[in-house]
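# Coordinate inspection notes
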Amino acid sequence: MQKPILNTINSPEDLRQISEKKLPQLAQELRKFIIKIVATKAGHLGASLGVVELTIALHYVFNTPHDQLIWDVGHQAYGHKILTGRRDEFHTNRQLGGLSGFPKRSESIYDTFGVGHASTSISAALGMAIASKLKGDYKKQHIAVIGDASIAGGMAFEALNHAGVSDANLLVILNDNAIGIDPSVGALKQYFTNVKKGMQKDDNMIEALNFNYFGPVDGHDIHQVILELNRLKSIKGPKFLHVVTTKGKGLKQAETDQVKYHAPGLFNAKTGALIKKTSLSQPPKYQDVFGYTLVELAKANKNIVGITPAMPTGSSLKYMMQAIPERAFDVGIAEQHAVTLAAGMATQGLTPFCAIYSTFLQRAYDQIIHDVALQKLPVIFCLDRAGLVGEDGATHHGVFDISYLRCIPNLIIFAPRNEIELRNIMYTAQLGLDVPIAIRYPRGQGVTLNWKQPFSNIEIGKAIQLKKGKKLAVLSMGTVSKQVSEAILNLEVSHYDMRFVKPLDNTLLHTIFKNYQTIITVEDHVIKGGFGSAILEFASANLYKNEIKLLGIPDRFIEHGIVKELYNQVGIDAENIARFIKTHL
């Protein structure tokens, strides 16, 4: 029986003491360890299983952390974390107070650059390589590991373009598994597929960018990978190694259903079978309400088109891609392109629904202003994962969108409190608006079982009263109204769902300010520049002297944990809201 290896490795220094012939055994142990933990704790599975050999080889060949290793996005970095002193803590991954699900500089010296969003690794590694050169260190290695989906992002190409005219000591490793979260798309994906098949004999586009190109090599042949990495260490300037891997390697189901096993939730570590949460009827996820409603509307309105940047499954645009494929577009990891593509379609009379996670829409800010709002093009932005998203943490919380959108002229901002409101605002928007609209809704399940009800038009800028009280008024935005309703169940206070943060319902606000001395705003968003700030601006502009209190996310980045824990942490769960209200009665 072979003696276990993984439990003896507390750092890459320990790893480098092992004979190379024992590394395949280590790879097997590392895979089993990742599967065992993720099966019971959840997390990103397939990406990390696919790079086990590559991860071991990188730390075996390079002198990390002196040599600097950057993982693009970071979904695939679980093995990296385990080998760099975090094995015994790995069971806390993505849990409140535990390890982050992504590389994070404050967590480990081996995490040389914080990641979470795609296509950043080459730019960061190039910056480090140039810095080393300026300091006179010509031996330090700088390695960016990037997937075939991420390398298609515009920022990655900008970095390749710059690196190609530098003499920086940079190694770009393409982890080519033909999939991100969903299958990779576009001409670049086809190009790399042709390279793997030996069909792309001439005109190597990577070499045309002044990189030394090597590969493709089998990313699961650890000895071959080590041989290539050792050879590349002595080559100066920008280098590119094409490594072919299988996402989910080592778990049959994860290899077969790579989309589902990207982040499968809980599953049986031995069989790979998913563990069903419940057999009881549950409200749908907001993303599915969006997806099914879009298909319903698109069947009746031939001008509707759907666009998403590499998130057809996460946004549920997949339903339209299945039902009406000629009018639904996955543009890859290209948020800027997605927004301006939608703008171009809108100029021709189409009605584009652009489905983008709130945190990823940040990457297309200029396009929202310059290409959409400035021209009053009626693009319908559907901001999935708005608010605190949970275990993915600070890189993925969608808590800035109201602030960065509210200052843009010619833009409507709406937050539905439930699934029916989401359906109705989608219906209203496709009837025709003079300006673009942003609809923000959260990750996860809704609150309504009987959600598929007949459509009704929503009056733009119209808020509604949910409860009549005497003492004070609580104003909420979006789905956090549920927490407010629970908090005030036995309290004599009024509750208003403002729905629109832009335009505000000024008529109703005047009534509220004249009838209630104390007003409390609640939002699943940063306080600074958010919905509460809009109410303060209204009060200031109209010279109201009421007491106004703001509840929301404080001026700091919120880490990972389940949403319920995070709501409690920032004080917008029902119990904390009730306690706060009682202090002002």
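Everything quoted here is computed from the prediction, not taken from an experiment.

## So, the packing of aromatic side chains
For the structure shown, the criterion picks out 16 aromatic pairs. Here the aromatic rings of Tyr 292 and Tyr 319 are separated by 4.2 Å at their centres, their planes lie at 15°, and the arrangement is stacked. Pair noted here: Tyr 292 is in helix α12 (residues 286-300) and Tyr 319 is in helix α14 (residues 318-323), with a separation of 27 residues, a long-range link. Overall, Tyr 292 belongs to the partly exposed group, its relative accessible area being 41%. Here the aromatic cluster, defined as three or more aromatic residues joined through ring pairs, consists of Phe 33, Tyr 78 and Phe 90.

## Some remarks on the sheet that holds strand β11 (residues 437-440)
Read from one edge of the open sheet, 7 strands run β7-β6-β8-β9-β11-β10-β15, paired in mixed fashion. The open sheet has two edge strands with one neighbour each: β7 (328-330) and β15 (500-502). Averaged over neighbouring strand pairs, the angle between their axes works out to 20° when direction is ignored. Pairing geometry for strand β8 (residues 351-357) and strand β9 (residues 380-384), over 5 bridges, is parallel. The residue bridging Cys 354 from the neighbouring strand is Phe 381, located in β9. The sheet contacts of helix α15 (residues 335-347) involve β6 (304-308), β7, β8 and β9, and relative to β8 the element is tilted by about 165°.

## Some remarks on α15
Between its first and last C-alpha atoms α15 spans 19 Å; for 13 residues at 1.5 Å apiece the expected length is 18 Å, and the two agree. Along α15, the residues classified as buried are Glu 335, Ala 338, Val 339, Ala 342, Ala 343, Met 345 and Ala 346. One face of α15 carries all of its buried residues, which in axial projection span an arc of 165°. Those residues of α15 that are buried lie in contact with β6, β7, β8, α16 (358-361), α17 (365-373) and β9. One or two residues past the end of α15 sits Gly 349, with phi positive at roughly 90°.

## Points about the sheet that holds strand β4 (residues 212-218)
The sheet built from 5 strands is open, its strands ordered β1-β2-β3-β5-β4 with parallel pairing. Each edge of the sheet is formed by a strand with only one pairing partner; in this case those strands are β1 (68-71) and β4. Pairs of neighbouring strands in the sheet enclose a mean axial angle of 20°, with direction left out of account. Sheet topology note: the β1/strand β2 (residues 142-147) ladder contains 4 bridges and is parallel. Its bridge partner lying in β2, Gln 68 is registered against His 142. Packed onto the sheet, helix α10 (residues 222-233) meets β3 (170-176), β4 and β5 (239-244) and runs at close to 165° relative to β4.

Conventions used here
- Residues numbered from 1 in each chain as written.
- Predicted model: local features only at pLDDT ≥ 70, side-chain atom pairs only at ≥ 80, totals over all residues.
- Heavy atoms only, no water.
- Phe/Tyr/Trp six-rings, centres within 6.5 Å; stacked < 30°, edge-to-face > 60°.
- Helix = DSSP H or I, 4+ residues; strand = E, 2+ residues; numbered from the N terminus.
- Buried < 20%, exposed > 50% of the residue type's maximum accessible area, 1.4 Å probe, protein only.
- Pairing = 2+ DSSP bridges.
- Axes fitted to C-alpha atoms, helices over the stretch in contact; angles between N-to-C directions.
- Contact = heavy atoms within 4.5 Å.
- Expected span 1.5 Å × (residues − 1).
- Arc of directions from axis to C-beta.

Function cannot be inferred from these measures alone, as they are strictly geometric.
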